[in-house]
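Tertiary structure, described
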Amino acid sequence: MSQPSSARFPVVDAQVSPTGRMEVLSRTEAARLSSQGQGGLREIFRNCALAVLNCGNPLDDGKELLARYPDFDIEIIQRSRGIKLDIRNAPASAFVDGQMIRGIQEHLFAVLRDVVYANGEPGDAAAGRFELGSSEGITDAVFHILRNAGIVQPVMQPSVAVCWGGHSISREEYDYTKRVGYEMGLRGLDICTGCGPGAMKGPMKGATIGHAKQRIGKPRYLGFTEPGIIAAESPNPIVNDLVILPDVEKRLEAFVRAGHGFVVFPGGVGTAEEILYVLGILLHPANAAQPFPLVFTGPKHTGEYFHRIDSFIGETLGDEARSRYRIIIDDPAAVAREIHGGICRVRAFRKEHRDAYYFNWLLRIEHEFQQPFRPTHANMRRLRLHRGEPKHLLAADLRRAFSGVVAGNVKNDGIREIEQHGPFEIHGDPEIMGPMDALLASFVAQGRMKLPGTAYNPCYRVVPRTHEATPSA
């Protein structure tokens, strides 16, 4: 191991061996991931690996991360006994006394496992593994990716509490997420988050204490991410089961299929995107009878924040959507009791309907919610944000609008799109655009768009228009 001294940021060279299941690769797989490999798989692997190694550094800009470590490289060494990774110019924060942090090392090989499994090419063993032309095929793909990662465990009772919330939150809000996690840990619940910092890390930290007090020997801290967001939300090493889904839509589906109860902490546009996704699914008539514990919570001062969220949902999606969640302010024990009780109802429902505990097959997810959305200026202008849309489809396009703002804020491709063409324009009915503009403005005012101390230049512009005046391209 060596440590170059000429880098602007401290970097380290190292060779590491597998700690998880990805110990061997075929020659074809190794070739596609090597510096001589063709296509985008090599770039996906390199960028995700750099994001994992950047854990703990305060950065939420994918473009800046790549610029900060331009000489970072990672190569696969094929050996008769298995593989090694040869890493050059890696962030020094991933190492302690010359050794890579064990959790980061595990995450590095989780990246390798998922990138290889989910990205096939003609002639590869992975080619034809997934049929993505139908809703059922996409759900099947999500299941197989989770199963390959060891997430699907048939003998487990329902216990997964999914926690959503922002990466850019105050210290008081972060401490509150830990208190909620602690209360859930005391009740034997496992934690699943987007795996990054802030509200994604706090519940796991709190749960570790609750699990320790209850002598729970193998608690689960699941982290679901995707290549577009991982650089802005580097996985925290508490995560002991990391999964990299191919895109944000499959990541969101993985949450709702694998989770049993859902807690939403304060956040920004990414959190709003998650809320709209799950509400859009729950508004489908086929899901009306499904128990789906969903709680919005935060410390005392966040009451106004959740009032704004609640008002926005009521003004755009109506009271039916508002009936699908509870708001509990400043009471971690009440949140944990609500989620624990809700998960008991989920178990009873799944048992009655003979559905799996480990994967919610009965939940109906329309193809509209599963199709990858690429945030471009044309696609953002084309969103159907009108009163006449069915509520669950309106929720799908509202989700896409917020997803575009997330991309413009922190994702490498989205940032470059904004730099080249200016802010995204979001068109829609005034009755929808008004509440959206107010909600986004409140996120900006509260510093929820970027990490503290980072200047924010809006990557969007809200344009109220009548249905007839909305551009078609």
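Residues numbered from 1 in each chain as written. Predicted model: local features only at pLDDT ≥ 70, side-chain atom pairs only at ≥ 80, totals over all residues. Heavy atoms only, no water.

1. Description of the overall build of the protein chain
- The number of helices and strands found in the protein chain is 17 helices and 14 strands.
- Scaling as 2.2 N^0.38, a compact globule of 473 residues should have a C-alpha radius of gyration of about 23 Å, and the protein chain matches this with 22 Å.
- For the protein chain, the spread of C-alpha atoms along the principal axes amounts to about 60 × 55 × 45 Å.
- For the protein chain, buried positions account for 59% of its 473 residues.
- Across the protein chain, every contact between residues at least 6 apart in sequence was considered, and the portion connecting residues at least 24 apart equals 75%.
- A total of about 19100 Å² of accessible surface is found on the protein chain, and carbon and sulfur atoms cover 49% of it.
- A distance of 5 Å separates the average location of the 55 positive side-chain charges in the protein chain from that of its 54 negative side-chain charges. (Helix = DSSP H or I, 4+ residues; strand = E, 2+ residues; numbered from the N terminus. Rg over C-alpha atoms; globule rule 2.2 N^0.38 Å. Buried < 20%, exposed > 50% of the residue type's maximum accessible area, 1.4 Å probe, protein only. Contact = heavy atoms within 4.5 Å. Areas by Shrake-Rupley, 256 points an atom, 1.4 Å probe, with all protein chains shown as cover. Lys, Arg positive; Asp, Glu negative; His and termini not counted. Charge placed at Lys NZ, Arg CZ, Asp CG, Glu CD.)

2. A word on the pattern of salt bridges
- Taken as a whole, this structure holds 27 salt bridges when the rule is applied.
- In this structure, the salt-bridge partner of Asp73 is Arg88, at a minimum N-O distance of 3.0 Å. Of this pair, Asp73 sits in strand S2 (residues 73–79) while Arg88 sits in strand S3 (residues 82–91), and the two are 15 residues apart along the sequence.
- A salt bridge links Asp247 to Lys250; the shortest N-O distance between them is 2.8 Å.
- Among the residues examined, Asp247 registers a relative accessible area of 14% and is labelled buried.
- On the basis of relative accessibility, which here comes to 6%, the residue Lys250 falls in the buried class.
- Sharing partners across several salt bridges, the network here consists of Arg42, Asp73, Glu75, Asp86 and Arg88. (Salt bridge = Lys/Arg side-chain N within 4 Å of Asp/Glu carboxyl O.)

3. Overview of the pairing of strand S11 (residues 294–298)
- Burial runs high along S11: five of the five residues are buried.
- In this region the chain leaves strand S10 (residues 261–264), passes through helix H9 (residues 269–282) and returns to the parallel neighbour S11; the handedness of that crossover is right-handed. (Right-handed = clockwise from strand over helix to strand, strands pointing away.)

4. Section: the sheet that holds strand S6 (residues 160–164)
- The seven strands are arranged S9-S8-S7-S6-S10-S11-S12 in an open sheet whose pairing can be described as parallel. Since the sheet does not close on itself, it has two edges, and those belong to strand S9 (241–244) and strand S12 (326–329), each with one partner. Along the sheet, successive strands turn relative to each other by an average axial angle of 25°, direction set aside.
- Here S6 runs beside S10; their pairing, made up of four bridges, is parallel. Each bridged residue has a counterpart across the sheet, and for Val162 the counterpart in S10 is Phe262. (Pairing = 2+ DSSP bridges. Axes fitted to C-alpha atoms, helices over the stretch in contact; angles between N-to-C directions.)

5. Some details on the environment of Asn412
- On the secondary structure map, Asn412 appears in helix H16 (residues 412–421).
- Placed 235 residues apart in sequence, Asn412 and Thr177 show a C-alpha to C-alpha distance of 28 Å.

6. Quick look at the sheet that holds strand S1 (residues 11–16)
- On the basis of which strands lie adjacent, the open sheet formed by three strands has the order S1-S3-S2 and antiparallel pairing. Looking at which strands have only one partner, the edges of the open sheet turn out to be S1 and S2. Across the sheet, the mean angle separating the axes of adjacent strands is 10° when strand polarity is ignored.
- The pairing of S2 with S3 spans seven bridges and is classified as antiparallel. Each bridged residue has a counterpart across the sheet, and for Glu75 the counterpart in S3 is Asp86.

7. A closer look at the pairing of S10
- Burial along S10 is two-sided: the residues Gly261 and Val263 and Phe262 and Val264 are all buried.
- Summarising the sheet, S10 and S11 pair through three bridges and their orientation is parallel. Residue pairing in the sheet places Val263 in a bridge with Val295 of S11.

8. Focus on the nonpolar core
- One finds Leu146, Phe224, Val256, Leu317, Phe402, Met436 and Phe443 to be the most contacted residues of the largest nonpolar core, which totals 79 residues.
- Discounting residues that sit within four places of it in the chain, Val256 has contacts with Trp164, Phe262, Tyr277, Val278, Ile281, Phe292, Asn360, Leu363 and Ile365. (Core = buried A, V, L, I, M, F, W, Y, C linked by side-chain atoms within 4.5 Å.)

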